[in-house]
Amino acid sequence: QRLAGIDPPAHIYAANGIDLLTLGYNLERRRYFAEALVTFKKVIGSDTRADVDDFARLHAGYCLFFLGEYALARAEWQTTLKSSMPQNQHLAARLIAWL
């Protein structure tokens, strides 16, 4: 998360206090891609900072890729290409090229 530029105090917390980014990332690392995707989708578009939204979109695309939803993965990464953050644009472009 630090490499993605996410400030730990700015994580997205649900009403019950769960850190959704960390939860989604940990589910993804354990290869629970469907569950991680649901978690990242709760963050996307929820009035978050651009870097948090980009992080969730990049990882949602990764989960979609491993679920075999290649067109949806590409769509998430293409949305990140429109980001205001150059490092996220660059990473999204690399993932699309990889796809």
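Structure first, text after, so check above.
The sections below set out a description of the structure shown in this document. (Residues numbered from 1 in each chain as written. Predicted model: local features only at pLDDT ≥ 70, side-chain atom pairs only at ≥ 80, totals over all residues. Heavy atoms only, no water.)

For the rest of this paragraph, the subject is helix α1 (residues 20–29). Where α1 is concerned, the buried positions are Leu 20, Leu 21, Gly 24, Leu 27 and Glu 28. One side of α1 holds all its buried residues, which, seen down the axis, span an arc of 135°. Buried residues in α1 make contact with α2 (33–43) and α3 (50–66). With a side-chain oxygen lying 3.3 Å from the backbone nitrogen of Leu 21, the N-terminal cap of α1 falls on Asp 19. In the segment just after α1, Arg 31 is the residue with positive phi, at about 70°. (Buried < 20%, exposed > 50% of the residue type's maximum accessible area, 1.4 Å probe, protein only. Helix = DSSP H or I, 4+ residues; strand = E, 2+ residues; numbered from the N terminus. Arc of directions from axis to C-beta. Contact = heavy atoms within 4.5 Å. Polar contact = N/O pair within 3.5 Å; in protein donor to acceptor, adjacent residues only side chain to side chain.)

Take the packing of aromatic side chains next. Per the counting criterion, the structure on display carries 7 aromatic pairs. Ring centres of Phe 33 and Tyr 62 lie 6.3 Å apart, and the angle between their planes is 70°; on these two criteria the pair is classed as edge-to-face. With Phe 33 in helix α2 and Tyr 62 in helix α3, this pair connects stretches of sequence that are 29 residues apart. Using a relative accessible area of 8% as the deciding quantity, one classes Phe 33 as buried. For the ring pair Phe 65 and Trp 98, a centre distance of 4.7 Å and an interplane angle of 45° mean the geometry is tilted. A residue pair is termed long-range when its members are at least 10 positions apart, and Phe 65 in helix α3 and Trp 98 in helix α5 (residues 86–98) qualify at 33 residues. Taken together through their ring pairs, the aromatic side chains of Phe 33, Tyr 62, Phe 65, Phe 66, Tyr 70, Trp 77 and Trp 98 make up a single cluster. Seen from the ring of Phe 66, Arg 31 lies directly overhead, with NZ or CZ sitting 5.5 Å from the centre. (Phe/Tyr/Trp six-rings, centres within 6.5 Å; stacked < 30°, edge-to-face > 60°. Lys NZ or Arg CZ within 6 Å of the ring centre and 35° of its normal.)

For the rest of this paragraph, the subject is helix α4 (residues 70–81). When the terminal C-alpha atoms of α4 are compared, their 16 Å separation across 12 residues agrees well with the 16 Å that a helix rising 1.5 Å per residue should span. Every buried residue belonging to α4 is among Ala 73, Glu 76, Trp 77 and Thr 80, and all of these are buried. Here the buried residues of α4 occupy an arc of 90° about the axis, which is enough to place them on one side. Where α4 is buried, its residues contact α2, α3 and α5. (Expected span 1.5 Å × (residues − 1).)

This part is about the side chain of His 59. Considering the arrangement of structural elements, one finds His 59 in helix α3. We classify His 59 as buried; its relative accessible area is 16%. Reaching out from His 59, the side chain makes a polar contact with the side chain of Glu 28 at a distance of 2.9 Å. Excluding residues that lie within four positions of it along the chain, His 59 makes contacts with Tyr 25, Glu 28 and Phe 40.

The next thing to look at is the packing of α2 against α3. The N-to-C vectors of α2 and α3 enclose an angle of 155°; their axes lie 9 Å apart at closest approach. Comparing their axes, α3 and α2 come out roughly antiparallel. For the pair α2 and α3, the sense of crossing is left-handed. Residue-level contacts link Phe 33, Ala 36, Leu 37, Phe 40 and Val 43 of α2 to Val 52, Asp 53, Phe 55, Ala 56, His 59, Ala 60, Tyr 62, Cys 63, Leu 64 and Phe 66 of α3. Residue classes in the contact of α2 with α3 are distributed as 13 nonpolar, 1 polar and 1 charged. (Axes fitted to C-alpha atoms, helices over the stretch in contact; angles between N-to-C directions. Parallel < 35°, antiparallel > 145°, perpendicular 65-115°, else oblique. Left-handed = near helix turned anticlockwise from the far one by under 90°. Nonpolar A, V, L, I, M, F, W, Y, C, P; charged D, E, K, R; others polar.)

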